[in-house]
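Spelled out from the first residue to the last, the chains are:
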Amino acid sequence: IVLVVCVMPESPRWLVSKGRNEEAVSVLQRLYGPDYNVTELAEAIHESLQKEQEAERTMGWGILLYPTPAYKRILLVGVGVAASQQLVGIDSIQYFLSYILEQSGVTDRKMQGLVLIMFGLLKVVMVFVAANLLDSKGRRPVFFLSLIVIFLSLIMLAINFVVGGENHSSSFTIFCLALYLAAFGVGMGPGAWLIPSEVFPLSIRAKAMSLATFVNRFVATIMASTVLSLTKVISWAGYFVGLATVAVIILVLMYLYLPETSGKSLEEMTVYFAQITGDASVLEVEEAHVAAKTIELSEEGGRRGGGEEEDDDSASGGVLS
């Protein structure tokens, strides 16, 4: 926390939203370097925030409850990815790592603690790996790689529990769990929050992100609260096979429905969903927001111009008198 306070700058977007534009420009200059024109960037952030606020004022929950084909596809991708993150069993496994280790023969508490610390460090390392891969290789390939390795690690865990019986290899269990956590940390972990932010247009962005977050945590609650009951009925091996099956289903669905979002703007993604569904209404909604904002800015500029003209007239009158 101390390091974050000392090193991490405040979000420029948050600063602009609070009217602290000079601080936002200062932070942006720090991030982009002295040669970058950050004033235009700060203005773009300001305009983006105004568009979102305008969208919030004009769009209710009806657009999510009764979506057009394009919005339906957008929600399917964004909310679906958020739910998929939990459906592969991350919270189920993570919350019961000590229990799984104990079932594998690692009964010493100190050893369990060391293994858990190792898993934590591994997850930190994978954050940096994911940041590089998601940008350099694209979203889709990294998601596919993540799900394939998750599937393999879960199948190996299941085989280890079945073949080894009561004496299955604890070291192999640790290896499989580490492989699972690493695979999750590369793709399904960060990607589940990245994709929604890259597909939800401004007209539904705030509400859709709220919905995606709610679905993610709801699925997490269901998965984590049922794991022990399920393992008593179908065993840990059966549970791992079930999660592996879900991972394959998610892989197929992502292959069919998940677009590549890397390097694409929100406007480009909106056009993509409009084209793939044949639904131009989503473009009309977004254009309406842009048009409304343009008119608002024009009127504001006109008011400022009128004020300046009045000042000029007053000054001229003073000179003449």
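Notes on the structure follow.

Criteria and cut-off values
Residues numbered from 1 in each chain as written. Predicted model: local features only at pLDDT ≥ 70, side-chain atom pairs only at ≥ 80, totals over all residues. Heavy atoms only, no water. Helix = DSSP H or I, 4+ residues; strand = E, 2+ residues; numbered from the N terminus. Buried < 20%, exposed > 50% of the residue type's maximum accessible area, 1.4 Å probe, protein only. Axes fitted to C-alpha atoms, helices over the stretch in contact; angles between N-to-C directions. Parallel < 35°, antiparallel > 145°, perpendicular 65-115°, else oblique. Contact = heavy atoms within 4.5 Å. Nonpolar A, V, L, I, M, F, W, Y, C, P; charged D, E, K, R; others polar. Salt bridge = Lys/Arg side-chain N within 4 Å of Asp/Glu carboxyl O.

**So, unusual backbone geometry**
So, step 1. One non-glycine residue, Ser235, lies in the positive phi region at around 75°.
So, step 2. Examined against the element boundaries, Ser235 turns out to sit in helix H12 (residues 205-257).
So, step 3. When its relative accessible area of 34% is taken as the criterion, Ser235 is described as partly exposed.

**Concerning the packing of helix H11 (residues 170-199) against helix H13 (residues 266-277)**
So, step 1. Packing of H11 against H13 brings their axes to within 8 Å, and their N-to-C directions diverge by 80°. Regarding the angle of H11 to H13, the classification is roughly perpendicular. Contacts between H11 and H13 involve Ser197, Glu198 and Val199 from the former and Leu266, Met269 and Phe273 from the latter.
So, step 2. Its residues placed into classes, the contact of H11 with H13 shows 4 nonpolar, 1 polar and 1 charged.

**Thoughts on the pattern of salt bridges**
Two side chains bearing opposite charge may form a pair once their charged atoms approach each other closely.
So, step 1. For the structure shown, the criterion picks out 5 salt bridges.
So, step 2. Residue Glu102 is joined to Arg109 by a salt bridge in which the shortest nitrogen-to-oxygen separation is 3.8 Å.
So, step 3. The partner of Arg139 in a salt bridge is Asp135, and the shortest N-O contact between them spans 3.2 Å.
So, step 4. For Asp135, a relative accessible area of 57% corresponds to the exposed category.
So, step 5. Each of Asp135, Arg139 and Glu198 takes part in one network of salt bridges that share partners.

Limitation: the analysis is restricted to geometry and does not speak to function.
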